[in-house]
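# Tertiary structure, described
Listed here are the chains, written in short residue letters.
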Amino acid sequence: MIDTAVEQMLLKDTRSYVIPADVVANVTASNTLEHALMVLSKVGYNRIPVLAADDHLQGMISLAAITDKLLQVPGAAVDQLSHYKVADVMSPVGHWVNDPKKLETILNYLVDDPFIPLVDEDQVFQGIITRRELLKRINYLAHNLHVNYDVTPKLTTEASLHSSSHA
């Protein structure tokens, strides 16, 4: 369980660590792998969301999945990727959240994933929560905890026994 004071500071402004859907690179399942490769290359990410026409989150497409498909294509020519669709190689969404305040869940997911998709209750894509943006909030917490709280260390049983034996 996350300490209440820490949680309050990290959640002070959830918008600060949610990247909204309208600025997140994405593709549709019907896009070609060639298109997905260009999008991934342009944005510099290894993985991006796959969205339906109605913005429902359908899956993820990664550079690794496209590369694996490319290696299966005779001649391994990039232009051959135009014959395949994102739907052919996209992967299911492993983790997602529907509330940017589910901090403990988000932190656990971000240990292994660089970002977590944020969806509403109908699975409509709302944006992403990235490890980088959350680490910025943790950095803020580390530098500003003393501004909001008086932090004093607790004496452990061993420490208090040690200090009382020398008195």
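Residues numbered from 1 in each chain as written. Predicted model: local features only at pLDDT ≥ 70, side-chain atom pairs only at ≥ 80, totals over all residues. Heavy atoms only, no water.

## Re the overall build of the protein
A count of helices and strands for the protein gives six helices and five strands. Along the protein, helices and strands appear, N-terminal first, in the series α-β-α-β-β-α-α-β-β-α-α. Computed over the C-alpha atoms, the radius of gyration of the protein is 22 Å, more than 25% above the 15 Å expected from 2.2 N^0.38 for a compact globule of 167 residues. Counting only residues that meet the buried cut, the protein has 34% of its 167 residues in that class. Taking all contacts inside the protein whose residues are at least 6 apart in sequence as the whole, residues at least 24 apart take part in 56%. Counting only carbon and sulfur atoms, one obtains 54% of the accessible surface of the protein, whose full area is about 10400 Å². The centroid of the 13 positive side-chain charges in the protein is displaced by 5 Å from the centroid of its 20 negative side-chain charges. (Helix = DSSP H or I, 4+ residues; strand = E, 2+ residues; numbered from the N terminus. Rg over C-alpha atoms; globule rule 2.2 N^0.38 Å. Buried < 20%, exposed > 50% of the residue type's maximum accessible area, 1.4 Å probe, protein only. Contact = heavy atoms within 4.5 Å. Areas by Shrake-Rupley, 256 points an atom, 1.4 Å probe, with all protein chains shown as cover. Lys, Arg positive; Asp, Glu negative; His and termini not counted. Charge placed at Lys NZ, Arg CZ, Asp CG, Glu CD.)

## Considering the sheet that holds strand β4 (residues 115-119)
A sheet is described by the order of its strands in space; here three strands give the open sequence β1-β5-β4, paired in antiparallel fashion. Each end of this open sheet is capped by a strand with a single partner; those strands are β1 (18-20) and β4. For this sheet, the mean inter-axis angle between neighbouring strands, taken without regard to orientation, is 30 degrees. Where β1 and strand β5 (residues 125-130) come together, three bridges link them in antiparallel fashion. For I19, the partnering residue across the bridge sits in β5 and is I128. Across the face of the sheet, helix α5 (residues 131-148) comes into contact with β1 and β5 while running at roughly 60 degrees to β5. (Pairing = 2+ DSSP bridges. Axes fitted to C-alpha atoms, helices over the stretch in contact; angles between N-to-C directions.)

## As for the packing of helix α4 (residues 103-110) against α5
At a minimum axis separation of 11 Å, α4 and α5 run at an interaxial angle of 120 degrees. When the axis of α4 is compared with that of α5, the two are oblique. By crossing handedness, the relation of α4 to α5 is classed as left-handed. For the pair α4 and α5, contact is made by L103, I106, L107 and L110 and by R131, L134 and I138, respectively. (Parallel < 35°, antiparallel > 145°, perpendicular 65-115°, else oblique. Left-handed = near helix turned anticlockwise from the far one by under 90°.)

## Digging into the environment of L33
One can find L33 in helix α2 (residues 33-43). Sequence separation of L33 and T67 is 34 residues, and the distance between their C-alpha atoms is 9.7 Å. Not counting chain neighbours up to four residues away, the residues in contact with L33 comprise I61, I66, K69, L81, Y84, K85, V86 and V89.

## Focus on the pattern of salt bridges
Evaluation of the coordinates by the stated rule reveals two salt bridges. One salt bridge in this structure joins R132 and E133, with 3.3 Å as the shortest N-O distance. Among the residues examined, R132 registers a relative accessible area of 56% and is labelled exposed. Note that K136 and E133 form a salt bridge whose closest N and O atoms lie 3.1 Å from each other. Remark: E133 and K136 occur in helix α5; sequence separation between them is three residues, near one turn of the helix. Through salt bridges with shared partners, one network takes in R132, E133 and K136. (Salt bridge = Lys/Arg side-chain N within 4 Å of Asp/Glu carboxyl O.)

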